[in-house]
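Tertiary structure, described
Here is how the chains run, residue by residue.
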Amino acid sequence: MTTIIDGQVVARATKERAAALVARVKDAGVDPGLAVVLVGDDPASLSYVRMKERDCADVGIRSFDHRLPADTTQDALDALIDACNADSSVHGILLQLPLPSHLDEESALARISAAKDVDGLHPENLGRLVRGLPGPRACTPWGVMAMLDHYGIDVSGKRAVVIGRSSIVGKPQALMLLERNATVTICHSRTVDLPAVCREADVIVAAVGRAKMVTREYVRPGAVVIDVGINRTEDGLVGDVDFADVSPVASAITPVPGGVGPMTRAMLVMNTALAAARVAGVEEA
Ligand code: NAD
């Protein structure tokens, strides 16, 4: 029997943990707040931002909405980030990506105070992950780890293959699996004979952005398959994994939608709760 890993269930459990932590942070006299920065009026970004603000409200985190026009300058964005960094009622700063192409995403992300970087994408926080130090973790790969934990999937000593090497998903995912003692291989667009490399894996994490690329040919029977991909096709939203083809041979698999997607938002809420908890001197129970 294949286990279908339900992202909605794990996201709910994660938000309950975050809500409990927020309550303790409030008892300690700190009111957790998230600054949400959106540049432009891209409808998809707008809808993501609204969902993230709703998630915050669900667990008792205040959100502060900051909108800049699509033609805003780097100086104006920098000034807004500086103001949020300096504001003690703000514990986390979410800069919704992608930014319009005339703005420098790398410099904007690096300008956010590392302590308030609840997306876990600041170079210092990625460096902390490399060093094995605590700190905000990149939400999507951290959400994958939370799913594995929730379903009791121990990766220690297992062979894990991560397909994709982005700084948002692939690289931090590989480091998080390594931190849990998996033997990790990172694959990418230049990998030779990707299906053969993947067939070596006990755990596959696909973060590519190519609809239904991972077929049964990539999967050793009994492997765990985590699908990070989100691809809009004529058939609707699909992942990087061909779910119908792969699910009969996998021991556990995430669907799209309803898999990793809800986890990214839940981990943002958790990172914000933890950032406020550090300010309040409260430890997660
Ligand atoms: P990206 O484009 O930055 O990186 C894609 C990676 O895939 C690259 O490292 C590239 O080398 C690799 N790749 C491309 N073609 C390949 C091929 N044929 N074989 C092997 N590797 C190949 O993308 P990203 O930001 O890492 O996102 C990856 C996917 O995950 C996208 O579909 C994105 O929408 C999705 N995503 C989902 C969430 C979520 O919350 N579920 C969050 C972030 C990203």
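Here's what I pulled together on the structure shown here.

The rules behind each value
Residues numbered from 1 in each chain as written. Predicted model: local features only at pLDDT ≥ 70, side-chain atom pairs only at ≥ 80, totals over all residues. Heavy atoms only, no water. Near = heavy atom within 4 Å. Polar contact = N/O pair within 3.5 Å; in protein donor to acceptor, adjacent residues only side chain to side chain. Areas by Shrake-Rupley, 256 points an atom, 1.4 Å probe, with all protein chains shown as cover. Helix = DSSP H or I, 4+ residues; strand = E, 2+ residues; numbered from the N terminus. Core = buried A, V, L, I, M, F, W, Y, C linked by side-chain atoms within 4.5 Å. Buried < 20%, exposed > 50% of the residue type's maximum accessible area, 1.4 Å probe, protein only. Contact = heavy atoms within 4.5 Å. Salt bridge = Lys/Arg side-chain N within 4 Å of Asp/Glu carboxyl O. 1 Å grid on protein atoms, 1.4 Å probe; cavity = no way out; pocket = protein on both sides within 12 Å on 5 of 7 lines; lining within 4 Å. Points joined across faces, edges and corners; volume = space filled by probe spheres on them. Pairing = 2+ DSSP bridges. Disulfide = S-S within 2.5 Å. Axes fitted to C-alpha atoms, helices over the stretch in contact; angles between N-to-C directions. Expected span 1.5 Å × (residues − 1). Arc of directions from axis to C-beta.

For the rest of this paragraph, the subject is the site of the ligand. Near the ligand, the surroundings consist of 21 residues, among which R165, S166, V228, I230 and T264 are the closest. Measuring from an oxygen atom of the ligand, one finds a backbone N or O atom of R165 at 2.8 Å. The separation between an oxygen atom of the ligand and a polar side-chain atom of S166 is 2.5 Å. The fraction of the free accessible surface of the ligand (860 Å²) that becomes covered by protein chains is 71%.

Inspection of the secondary structure assignment puts G236 in strand β10 (residues 236-238). In the structure, G236 is positioned 25 residues away from G261 in sequence and 15 Å away in space, judged by C-alpha atoms.

A few words on the nonpolar core. If you look at the biggest cluster of nonpolar residues, it comprises 74 residues, and the most contacted ones within it are L77, L95, L148 and L177. A per-element tally of this core places helix α10 (residues 260-280) first, with 13 residues. Setting aside chain neighbours within four positions, we find L148 in contact with I153, V155, L177, V224 and I226. Counting residues in each nonpolar core, the second largest holds 19 residues, with C198, I204, V219 and V225 among its members.

Right, let's get into helix α7 (residues 170-179). Buried within α7 are the following residues: G170, P172, Q173, A174, M176 and L177. Immediately beyond the C-terminal end of α7, within one or two residues, lies N181, with a positive phi of roughly 70 degrees.

What follows deals with the pattern of salt bridges. A complete count under the given rule lists 14 salt bridges for this structure. Between D58 and K15 there is a salt bridge, and its shortest N-O distance comes to 2.9 Å. A residue pair is termed long-range when its members are at least 10 positions apart, and D58 in helix α2 (residues 43-59) and K15 in helix α1 (residues 7-27) qualify at 43 residues. A relative accessible area of 18% places K15 in the buried class. Note that D31 and R62 form a salt bridge whose closest N and O atoms lie 3.3 Å from each other. Within this pair, whereas D31 is found in the loop between α1 and β2 (33-39), its partner R62 is found in strand β3 (residues 62-68), the two being separated by 31 residues in sequence. Shared partners join several salt bridges into a network, and the residues in it are K15, D55, D58 and R265.

As a further point, take the layout of surface pockets. Here the largest pocket is characterised by a volume of approximately 1300 Å³. In terms of lining, the largest pocket is formed by 49 residues, of which the most central are Y48, T140, I230, G261 and T264. At the level of elements, α1, α2, β4 (92-95), α6 (139-150), β9 (231-233) and α10 are the ones that each hand at least two residues to the lining of the largest pocket. In terms of residue count, α10 provides more of the lining of the largest pocket than any other element does, seven residues in total.

Backbone hydrogen bonds hold the strands of a sheet together, and the pairing may be parallel or antiparallel. Pairing is parallel across the open sheet formed by six strands, whose spatial order is β1-β11-β8-β7-β5-β6. The two strands at the open ends of the sheet, each matched to only one other strand, are β1 (3-4) and β6 (183-187). Direction of pairing for strand β8 (residues 224-227) relative to strand β11 (residues 252-253): parallel, over a ladder of two bridges. Opposite V224, over in β11, you have A252 as the bridge partner.

For the rest of this paragraph, the subject is the state of the cysteines. Within the structure shown, the criterion is met by zero disulfides. No disulfide involves C187; its nearest neighbouring cysteine sulfur is the one of C198, lying 5.2 Å away. The exposure class assigned to C198 is buried, which follows from its relative accessible area of 0%.

Across the sheet, three strands lie side by side as β3-β2-β4; this open sheet has parallel pairing. Either end of the sheet is taken by a strand with one partner, and the two such strands are β3 and β4. When the angles between neighbouring strand axes are averaged without regard to direction, this sheet yields 20 degrees. Each of β2, β3 and β4 touches α2; the most contacted strand, β2, lies at about 175 degrees to it.

Side chains G92 and L94 of β4 all project onto a buried face; the interleaved residues I93 and L95 project onto the opposite face, where all are buried too. Both β2 and β4 contribute to a ladder of four bridges, which runs parallel. The partner of V36 across the bridge, within β4, is L94.

The next subject is helix α3 (residues 74-86). In this model α3 runs 18 Å from its N-terminal to its C-terminal C-alpha over 13 residues, within 8% of the 18 Å that 1.5 Å per residue would give. All of the buried residues along α3 are L77, D78, L80, I81 and C84. Looking straight down α3, one finds that the buried residues subtend no more than 160 degrees of arc, so they occupy a single side. Opposite the packed face of α3, turned more than 90 degrees from it, sit the exposed residues D75 and A86. Packing partners of the buried residues in α3 comprise β2, β3, β4 and α4 (105-111).

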